[in-house]
Number of protein chains: 2
Amino acid sequence: VRVPKQRPVPGEALDAIVAILELVRRGRAHSRTELIERTGLSRSVVTQRVNELLARGFLVESVAPSTGGRPPRQLEFRADAGHLLVADIGATSIDVALADVTGRILARMGEGTDVADGPEIILARVDRLFERLLAEYPVRGELWGLGIGLPGPVEFATGHPISPPIMPGWEGYPVREHFADRHQVPVWVDNDVNIMALGEWRDGLAHGQRNFIYVKVGTGIGSGIVSNGLIHRGAQGSAGDIGHIQVVGGTGELCRCGKVDCLEAVAGGAAIARDGVALARQGQSERLARILAERGAVSARDVIRAARSGDGPALRLLDRSATLVGQTLAGLANFFNPSHIIIGGGVANAGDAYLATIRQVIYARSTALATRELLVQLSRLGNRAGVIGAASMVLDELFSEGQLARWIDQGRPAALYGVAA
Amino acid sequence: VRVPKQRPVPGEALDAIVAILELVRRGRAHSRTELIERTGLSRSVVTQRVNELLARGFLVESVAPSTGGRPPRQLEFRADAGHLLVADIGATSIDVALADVTGRILARMGEGTDVADGPEIILARVDRLFERLLAEYPVRGELWGLGIGLPGPVEFATGHPISPPIMPGWEGYPVREHFADRHQVPVWVDNDVNIMALGEWRDGLAHGQRNFIYVKVGTGIGSGIVSNGLIHRGAQGSAGDIGHIQVVGGTGELCRCGKVDCLEAVAGGAAIARDGVALARQGQSERLARILAERGAVSARDVIRAARSGDGPALRLLDRSATLVGQTLAGLANFFNPSHIIIGGGVANAGDAYLATIRQVIYARSTALATRELLVQLSRLGNRAGVIGAASMVLDELFSEGQLARWIDQGRPAALYGVAA
C-alpha cells in the first residue's frame, strides 16, 4: 500500500538543491564527487547548487585531516544555521530545551508543574522557560521551529489536544497557534510518548530501528509506536494508549476512565500509590504505615523505596505491576513484532527486578518468532528522550520532501509560518 | 522518523519518465497539461517523454467524450501492457488468478488442498492451476510478475516462509525462487493475511485507509496491519499474529503452540469444532450429537449451522468465541487506533450475531477516543481479498520508486528477475 506522493513545487533547480541538502544533512554524501554519484546530476549542476547552499549558509566546507596527498574538502550541514525550541510538557513537569538544527540539545531546563492547571498557566510557564533559556544561552542563527509534547492524545495535523483524560481545559486548545503566533515560525505538537519514542530512535537504544515500541510506566501508562520507520499515530492520533487495555486476572479495580481492570488502574504509579496506602492501613507494611502516619500520604516512589529496602509487601506490589505490564506487552509483541521494547518512566526505574519480571513474562507469553530477536530494555535516555525527540520531530517535518521544497527557496523555515504548520 | 530514500538510478530523463508514468497510472494526471502542472517539467520534456511511453506501449491515448469544443485527449495507463499471476495459498485451499497490470482480476480458479502436504506438492498444484488459467484465458502482453500468499509468517525480503506453525516442510523453502526460475520474472511472497489486508485496501471496505486491521477468524486466527498506508510486517515478518494473545477469563485450554488460553485455542474454528464435539458427547446439543453419530466428527461449520437453526449450546459457543475475539481486538484498538477493523474468514461469517457481539465488546472495552470513529465491519470481498491483494502487492513493488527506475528503461519488469526480487 502506497499513498501517492505530492510533488508540490516545480523546478528542477529546486529539486537538485533539496536533494543535495538532504544527502549532506543525513551524512550520506560528504563531497561533490559523492553528490554527483548519488544524485546522477552533472558536475556543473552539483557545483552550482552546492555554491548556492554555501552562500546561503546551509552548508559549510571544511578541510578533513589528511593521511597524505591533497587534503579532501568535506561538506557539512551547518549545525548553527538556526536553532529550535522544544518543550516536553508532562503531567507533573515541564522540560524545555534549545537544540541546533542537527537536533543536538544545546541547553536544557525544567520545573515541576501540574498539567491540570490548564493551558493558559502551563503555556505561559513554557514561554518563560524559553525566555530564560535564550537569555542564558545566546544563539546565532534564527529560530527555525518549535516542537511541543503534551501528556495526552494530539491531533497531529492541527496540533490540538483531543479528549485529554488528565488535562481538563486542554480539549481543542490551540497549542500550535499559541507558539506559532508568538514566534512566527512553524510549530509541531505531538503526544509526549510519541516524541519519547522519536528520542529513542534518534539517540537511544532503538537508534535507527524501523519497528519498535517505547513504553512509559509512570503515574499513567502509555506507549509510542514506530512502524516501518515512521511514528504510528493511528486514525485519531490516540495510538499507543495501552493504559486502558484490560489485564488478564484483574480483580475489578475501577479505572478513572470508568472501566475496570485497565492496565493503568492496576499497574501504574497512581495504582501503586493507592495500593501502598492500603498496605499501610492494613498494617501489612510497617515501613509504609510509618510514612503514611508521618506524611498522611504514600507515593509510588515510597513503595519503590520500600521495595528496594526489602519490604515484602511492597516488593509483591511492584512484582504484580511488572507482571501485568509484561502480560500486556506480550500480546502486543505478538501483534506488532517489534525489534525492541524500550521501557521508561518513573515506575520502570524501580529496579532490576521490575525489568526482569517484565522480560520474563514477555518471553513466556509471546510466540517464539516474535521474541526470537526481541530486545526488552530500560531507556538510558530517561526524561531527556522527550526533548531529543521533539527536536527530531521538528527536523523531520522541516526536511520532509514537501515542506523543504516550500521554504528552501526563501531561505528560512519561518516562511512556513501560517502556510504549512 | 524518516529513512533516507535511495536514488539509485541517475538520469533526469529517467526521473521524468518514472514521474509521468506514476502520475498517469495512479489517475492523478490525464493530460499533458496536467502532467506539466504536476511535475513542473517543461512542455517539450513532457511531450517527448509521453511519446516515448506511448511508443513503448505503457500509455495509450483516447479521445474522451466531449460536451462541445475540441474533444480532449486522455492519457491512460495500458491495462493490457502485461499481466500478473497470483496465488493465495491457504491452509485448506488454493486460489489463483490472472490480473491485468492495473491489478484488476481477469480470471480466477481454485481448489481444495492441505498445506501440510508440503511445498513440492502444493507448489506443483499452483503451477498446474496457473497453466490451466493461461490456457483458458489467453492474454496479450508479457508476464510482469507473480504474487504469492502463504498461510504463515514470511520473510518478505527473501520470500521464504519462517517458522510456519501449520506448515511442516515449508521452513525456509525457496518459494520465490520456485516461481521466479520457472517464469523468469520478479516474484513477491507474503503472509496470506497481509495480502488480504492489501486486498481490502485496494477494493474492499478499507479502500484507501491509512490505518486499519484486517482480522481473519477461520480455523486459526490472524491479522494483517496497515500503518501510515503501508503494510506493517514487523521486525521478523510475524506481525499480526494475534491468535496467540492470552485471553481474559480463559479456562486453561491448551494451544498447539504449547501455551494456554491463546485466542486461537479458545475462539478459532478448530477450537469451535473441538468444543462442538464435547457438546455432542455430553448430550448438551441433540443436533450436534446426531451429526457426531452420523459422521463421527463435528466441524466448526456444523456448529455454525446448529447455531443458525437456534441450537442454544451452539449459539453460546459462538458467542463466547465472538466475545473473546472482541476483547482482544478492544485492546488492539486502544494500542493501534485503527479507522477500520475488517473481519473475514469462515467463522466470522457465522451470522449477524457474531459480528454484533464482537462490535459490542470492542465498543464496551476500548477508550472513547479509539472507538469514536472506528468502523467494525465484515469483509465483503471474502476469499477474493487474497488474490486482489496479491496483485496489488506485485504492482506496489514493481512501481516502487527504486524498482521502477531499474526496469523502465529496459522496457520490461522481467529485467528485475535475478536482480531485484
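Residues numbered from 1 in each chain as written. Chains lettered and ligands numbered in written order. Predicted model: local features only at pLDDT ≥ 70, side-chain atom pairs only at ≥ 80, totals over all residues. Heavy atoms only, no water.

1. Side note on the nonpolar core
Applied cut-off: Among buried residues, those of type Ala, Val, Leu, Ile, Met, Phe, Trp, Tyr and Cys that are joined through side-chain atoms within 4.5 Å constitute a nonpolar core. We call a residue buried when its accessible area falls under 20% of the maximum for its residue type, exposed when it is over 50%, and partly exposed in between, using a 1.4 Å probe and counting protein chains only.
Counting residues in hydrophobic clusters, the biggest one holds 94 residues, and the most contacted among them are Leu 329, Phe 335 and Ile 343 of chain A together with Leu 329, Phe 335 and Ile 343 of chain B. Counting residues in each nonpolar core, the second largest holds 57 residues, with Ile 20, Leu 41, Val 226 and Ile 231 of chain B among its members.

2. Side note on the packing of aromatic side chains
Note the threshold: Whether two aromatic rings pair depends on their centres lying within 6.5 Å, for rings of Phe, Tyr and Trp, where Trp uses its six-membered ring; planes under 30 degrees apart make the pair stacked, over 60 edge-to-face, and the rest tilted. Think of it this way: any DSSP run of H or I at least four residues long counts as a helix, any run of E at least two long counts as a strand, and we number them from the N terminus. When the NZ atom of lysine or the CZ atom of arginine is within 6 Å of a ring's centre and also within 35 degrees of its normal, the charge is said to sit over that ring.
Within the structure shown, the criterion is met by 19 aromatic pairs over all chains. Considering the side-chain rings of Phe 130 of chain B and Phe 179 of chain B, the 6.0 Å spacing of their centres and the 70° angle between planes classify their relative orientation as edge-to-face. On the criterion of sequence distance, the pair formed by Phe 130 of chain B in helix H4 (residues 119–136) and Phe 179 of chain B in helix H5 (residues 175–183) is long-range, its members being 49 residues apart. Note on accessibility: Phe 130 of chain B and Phe 179 of chain B belong to one class, buried. An aromatic cluster is built from Phe 58, Phe 77, Trp 144, Phe 399 and Trp 407 of chain A, whose rings are joined through pairwise contacts. Of note, Arg 25 of chain A hangs over the ring of Phe 399 of chain A, and the distance from its end group to the ring centre comes to 3.8 Å. Positioned above the aromatic ring of Phe 156 of chain A is the side chain of Arg 233 of chain A, whose terminal nitrogen or guanidinium carbon lies 3.5 Å from the ring centre.

3. Things to note about the relation of the copies chain A and chain B
Counted only if it meets this: Least-squares superposition of the copies uses the C-alpha atoms of those residues scoring a pLDDT of at least 70 in each of them. Pairs of residues are marked as contacts when any of their non-hydrogen atoms sit within 4.5 Å.
Superposition record for chain A on chain B: RMSD 0.1 Å, screw rotation 180°, translation along axis 0.0 Å. Taken together, the turn and the small shift mark the pair as related by a two-fold rotation axis. Of every C-alpha in chain A, the one belonging to Val 248 of chain A sits nearest the axis of rotation, 2.4 Å from it. A shared binding surface is used by both copies, with 100% of the interface residues of chain A retained as interface residues in chain B.

4. A short note on the confidence of the model for chain A
All names here are of chain A. Under the convention used in this document: The quantity called pLDDT is the predictor's confidence in a given residue, expressed from 0 to 100.
Per-residue confidence for chain A gives a mean pLDDT of 90, with 94% of residues at or over 70. With pLDDT under 50 throughout, residues 1–10 is counted as low confidence; its partners more than four residues away or in other chains account for 31 contacts. Two numbers describe this predicted complex: its pTM, 0.90, and its ipTM, 0.89.

5. Some thoughts on the interface of chain A and chain B
One widely used convention gives an interface's size as the accessible area the parts lose upon coming together. Test applied: Buried area: the sum, over both parts, of the accessible surface (1.4 Å probe) that disappears when the two are put together. In what follows, salt bridge is the name for a side-chain nitrogen of Lys or Arg lying within 4 Å of a carboxyl oxygen of Asp or Glu. We call two N or O atoms a polar contact when they sit within 3.5 Å, provided that within protein one can donate a hydrogen and the other can accept it, with sequence-adjacent residues counted only if both atoms are side-chain atoms.
Contact with chain A, which involves 72 residues of that partner, is made by 72 residues of chain B. In total, about 6400 Å² of surface goes out of reach between chain A and chain B, with carbon and sulfur atoms giving 51% of it. Taken together, chain A and chain B are joined by zero salt bridges. Inspection of the chain A/chain B interface yields 27 residue pairs in polar contact (both at pLDDT 80 or more).

6. Brief notes about the packing of helix H2 (residues 32–39) of chain B against helix H3 (residues 43–55) of chain B
Residue and element names in this part refer to chain B. Selection rule: Only the contacting stretch of a helix is used when fitting its axis, a line to C-alpha atoms as for every element, and angles between N-to-C directions run 0 to 180 degrees. With respect to orientation, any angle under 35 degrees is reported as roughly parallel, any angle over 145 as roughly antiparallel, any angle of 65 to 115 as roughly perpendicular, and every other angle as oblique. Less than a right angle of anticlockwise turn of the near helix away from the far helix marks a crossing as left-handed, whereas a clockwise turn marks it as right-handed. When residues are grouped by polarity, Ala, Val, Leu, Ile, Met, Phe, Trp, Tyr, Cys and Pro land in nonpolar, Asp, Glu, Lys and Arg in charged, and all others, Gly among them, in polar.
Packing of H2 against H3 brings their axes to within 10 Å, and their N-to-C directions diverge by 120°. In terms of orientation, H2 and H3 fall into the oblique class. For H2 against H3, the interelement crossing comes out right-handed. Note on element contacts: H3 touches H2 through Arg 43, Val 46, Thr 47, Val 50, Asn 51 and Leu 54, opposite Arg 32, Thr 33, Leu 35, Ile 36 and Thr 39. Residue composition of the contact of H2 with H3, grouped by class: five nonpolar, four polar and two charged.

7. Remarks on the environment of Arg 372 of chain A
Structurally, Arg 372 of chain A is set in the loop between helix H13 (368–371) and strand E14 (375–378). The exposure class of Arg 372 of chain A is partly exposed, given its relative accessible area of 46%. Once the C-alpha coordinates of Arg 372 of chain A and Ile 20 of chain A are considered, the two residues, 352 residues apart in sequence, prove to be 40 Å apart. Dropping the residues within four chain positions of it, Arg 372 of chain A is found in contact with Ser 163 and Gln 236 of chain B.

8. Quick look at the pattern of salt bridges
All names here are of chain A. Considering all chains together, one arrives at 42 salt bridges over all chains under this definition. Taking the shortest distance from any N to any O, the salt bridge between Asp 100 and Arg 104 comes out at 3.5 Å. Taking the relative accessible area as the measure of exposure, Arg 104 reaches 51% and is therefore exposed. The closest approach of N and O atoms between Asp 203 and Arg 202, which form a salt bridge, is 3.9 Å. Look at Arg 202 and you get partly exposed, because its relative accessible area is 23%. Connected through shared salt-bridge partners, Glu 253, Arg 274, Asp 275 and Arg 320 make up one network.

9. A few points about unusual backbone geometry
Positive phi, close to 50°, is recorded for Asn 337 of chain A, a residue that is not glycine. With respect to the helices and strands, Asn 337 of chain A occurs in the loop between helix H11 (312–336) and strand E13 (340–344).

10. Details of the state of the cysteines
Throughout this description, disulfide means a covalent bond between two cysteine sulfur atoms. What counts is decided by this rule: Pairs of cysteine sulfur atoms within 2.5 Å are what we label disulfides.
Under the counting rule described, the total for this entry stands at zero disulfides over all chains. Unpaired in terms of disulfides, Cys 257 of chain A finds its nearest cysteine sulfur in Cys 262 of chain A, a separation of 3.6 Å.

11. Digging into H5 of chain B
All names here are of chain B. Taken as a whole, H5 has its buried residues at Val 175, Arg 176, His 178, Phe 179 and Ala 180. Those residues of H5 that are buried lie in contact with H4, strand E6 (142–150), strand E8 (160–161) and strand E9 (187–191). Taken from the residues just after H5, Gln 184 is the one with a positive phi, measuring 55°.

12. Section: the packing of helix H11 (residues 312–336) of chain B against helix H12 (residues 352–365) of chain B
All names here are of chain B. Running from N to C, H11 and H12 cross one another at 40°; their axes reach a closest spacing of 7 Å. The handedness of the crossing between H11 and H12 comes out as right-handed. Each of Leu 318, Asp 319, Ser 321, Ala 322, Thr 323, Val 325, Gly 326, Gln 327, Leu 329, Ala 330 and Asn 334 in H11 lies in contact with H12, whose residues at this interface are Tyr 354, Thr 357, Ile 358, Val 361, Ile 362 and Arg 365. Grouping the amino acids of the contact of H11 with H12 by side-chain chemistry returns nine nonpolar, six polar and two charged.

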